[in-house]
Amino acid sequence: MTSNIKKYGFKEGVPHEFELLDLGTHYANLFDDLIIPHRTDFYQIIWFKSGMPKHMVDFHPIEIQPNSILFVDKNSVQCYDSKEPIDGEILLFTDNFFCKTEYDTKFLRSSMLFNDLYAISSIEVKSLTAVFDSFMKLIKTELASDVDNYQSDILRNYLQNLLLLSERERQNQNSTQINKGSDLECVIKFRDFLDKQFQTQKSVSKYAIQLNVTQKRLSNATLKIMDITPKQMIDARIILEAKRLLVHTTDSVKEIGYTLGFDEPTNFVKFFKKHQHITPIEFRNRF
């Protein structure tokens, strides 16, 4: 099996798994790698200060507006525009860097910036330009300082404040309001398990057991937050990965079916056609 989706880990040899880069330089230096579909195992906050590129994240073409920030979750398949010059800043960080305590983990997993259950998160910076710029300068200054026992905590606090400001602005700009609470927490935990196990585990009851809730409780949560059932969430996750593999790899339909946990290729084809109304091959040919 020959996957064409290149996956990048965080740069080795840096003091923290946290980095702030000039977006224009980053784009120029890694142009050939960025304009083809790729994944990273770290989070990205991309501040497009200028340019209006089309940025692709998991089959969602995003029309970037100047002075806007895009939040890209780890493991998403993304692709930069090859024709539109861009400039700005890009902040990269990992779970290892941010999640030092249980509170940190809960904060990051409940943030709608990287876990937007409806769409890819982005905000227009607008009147917050000076505030965001000041945070970036503080981060740059700290990164340029000698490493000591305080540095990672200081950087994490800057990042957390940046995320809080961004999420508040996202709520102000987005008509979809999500109330944080036990239902949202349940759905996000379910999605975490689903992301790791969808290839081998397709049973709602087994996920409910892992979450230590009843199937009814899980169903009530997904219906309230997402307006779909747990089974529909499982199917949607399988379809997303199928699309990724069909478009971004040269694997055969048979191989992709096996990768996604289907014993028979015909079962995968029937499943895909039921949800997409076209065959896997027809979908691949469209792209």
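As shown above, the structure is provided for reference.
Residues numbered from 1 in each chain as written. Predicted model: local features only at pLDDT ≥ 70, side-chain atom pairs only at ≥ 80, totals over all residues. Heavy atoms only, no water.

**Concerning the overall build of the protein**
Of regular secondary structure, the protein possesses 13 helices and 10 strands. Since a compact globule built from 287 residues should have a radius of gyration of about 19 Å, the 20 Å found for the protein is in line with a globular shape. With the C-alpha coordinates of the protein rotated into their principal frame, the extents come out at 55 × 45 × 40 Å. For the protein, the proportion of its 287 residues judged to be buried stands at 47%. Residue pairs in contact within the protein that sit at least 24 positions apart in sequence constitute 73% of those at least 6 positions apart. Summed over its atoms, the accessible surface of the protein is roughly 14800 Å², and 50% of this surface lies on carbon and sulfur atoms. The positive charge centre, built from 36 side chains, and the negative charge centre, built from 38, are 8 Å apart in the protein. (Helix = DSSP H or I, 4+ residues; strand = E, 2+ residues; numbered from the N terminus. Rg over C-alpha atoms; globule rule 2.2 N^0.38 Å. Buried < 20%, exposed > 50% of the residue type's maximum accessible area, 1.4 Å probe, protein only. Contact = heavy atoms within 4.5 Å. Areas by Shrake-Rupley, 256 points an atom, 1.4 Å probe, with all protein chains shown as cover. Lys, Arg positive; Asp, Glu negative; His and termini not counted. Charge placed at Lys NZ, Arg CZ, Asp CG, Glu CD.)

**Describing the nonpolar core**
Counting residues in hydrophobic clusters, the biggest one holds 32 residues, and the most contacted among them are Phe 190, Leu 260, Phe 268 and Phe 272. For this core, the secondary-structure elements that each account for two or more residues are helix H7 (182–197), helix H8 (204–211), helix H9 (215–226), helix H10 (230–248), helix H11 (253–259) and helix H12 (265–276). When residues of this core are assigned to their parent elements, the largest contribution, seven residues, is made by H10. Dropping the residues within four chain positions of it, Leu 260 is found in contact with Phe 198, Gln 199, Lys 202, Ile 238, Glu 241, Ala 242, Leu 245 and Phe 268. (Core = buried A, V, L, I, M, F, W, Y, C linked by side-chain atoms within 4.5 Å.)

**Description of the packing of aromatic side chains**
Tallied over the full model, the rule gives 19 aromatic pairs. Ring centres 6.1 Å apart and planes at 65° place the aromatic pair Trp 47 and Phe 132 in the edge-to-face group. With Trp 47 in strand E4 (residues 43–50) and Phe 132 in helix H5 (residues 129–144), this residue pair connects regions lying 85 residues apart in the sequence. A relative accessible area of 1% means that Trp 47 is categorised as buried. One aromatic cluster is present, formed by Tyr 43, Phe 71, Phe 93, Phe 98, Tyr 103, Phe 107 and Phe 114 through successive ring pairs. (Phe/Tyr/Trp six-rings, centres within 6.5 Å; stacked < 30°, edge-to-face > 60°.)

**A few points about the side chain of His 38**
Examined against the element boundaries, His 38 turns out to sit in strand E3 (residues 38–40). Taking the relative accessible area as the measure of exposure, His 38 reaches 3% and is therefore buried. Of the polar contacts made by the side chain of His 38, one reaches the backbone oxygen of Ile 36; its length is 2.8 Å. Those residues in contact with His 38 that sit more than four places away from it in its chain are Ile 5, Lys 6, Tyr 8, Asp 33, Ser 76, Val 77, Gln 78, Cys 79 and Tyr 80. (Polar contact = N/O pair within 3.5 Å; in protein donor to acceptor, adjacent residues only side chain to side chain.)

**Looking at helix H4 (residues 102–110)**
Within H4, the full set of buried residues consists of Asp 104, Phe 107, Leu 108, Arg 109 and Ser 110. Along its buried surface, H4 packs onto E4, strand E9 (87–93), helix H3 (95–98), helix H6 (151–173) and H7.

**So, H10**
Helix length check: H10 (19 residues) gives 27 Å between terminal C-alpha atoms against 27 Å at 1.5 Å per residue, within 8%. Summarising burial for H10: 14 of the 19 residues are buried, a large majority. (Expected span 1.5 Å × (residues − 1).)

**Description of the packing of H7 against H10**
In the contact formed by H7 and H10, the axes pass within 11 Å of each other and the chain directions differ by 40°. One element, H7, and the other, H10, form an angle in the oblique class. For the crossing formed where H7 meets H10, the hand is right-handed. Contact residues: H7 offers Val 187, Phe 190, Arg 191, Leu 194 and Asp 195, while H10 offers Pro 230, Met 233, Ile 234 and Arg 237. When the residues that make up the contact of H7 with H10 are grouped by side-chain class, the tally is six nonpolar, no polar and three charged. (Axes fitted to C-alpha atoms, helices over the stretch in contact; angles between N-to-C directions. Parallel < 35°, antiparallel > 145°, perpendicular 65-115°, else oblique. Left-handed = near helix turned anticlockwise from the far one by under 90°. Nonpolar A, V, L, I, M, F, W, Y, C, P; charged D, E, K, R; others polar.)

Don't take any of this as a statement about function, it's just geometry.
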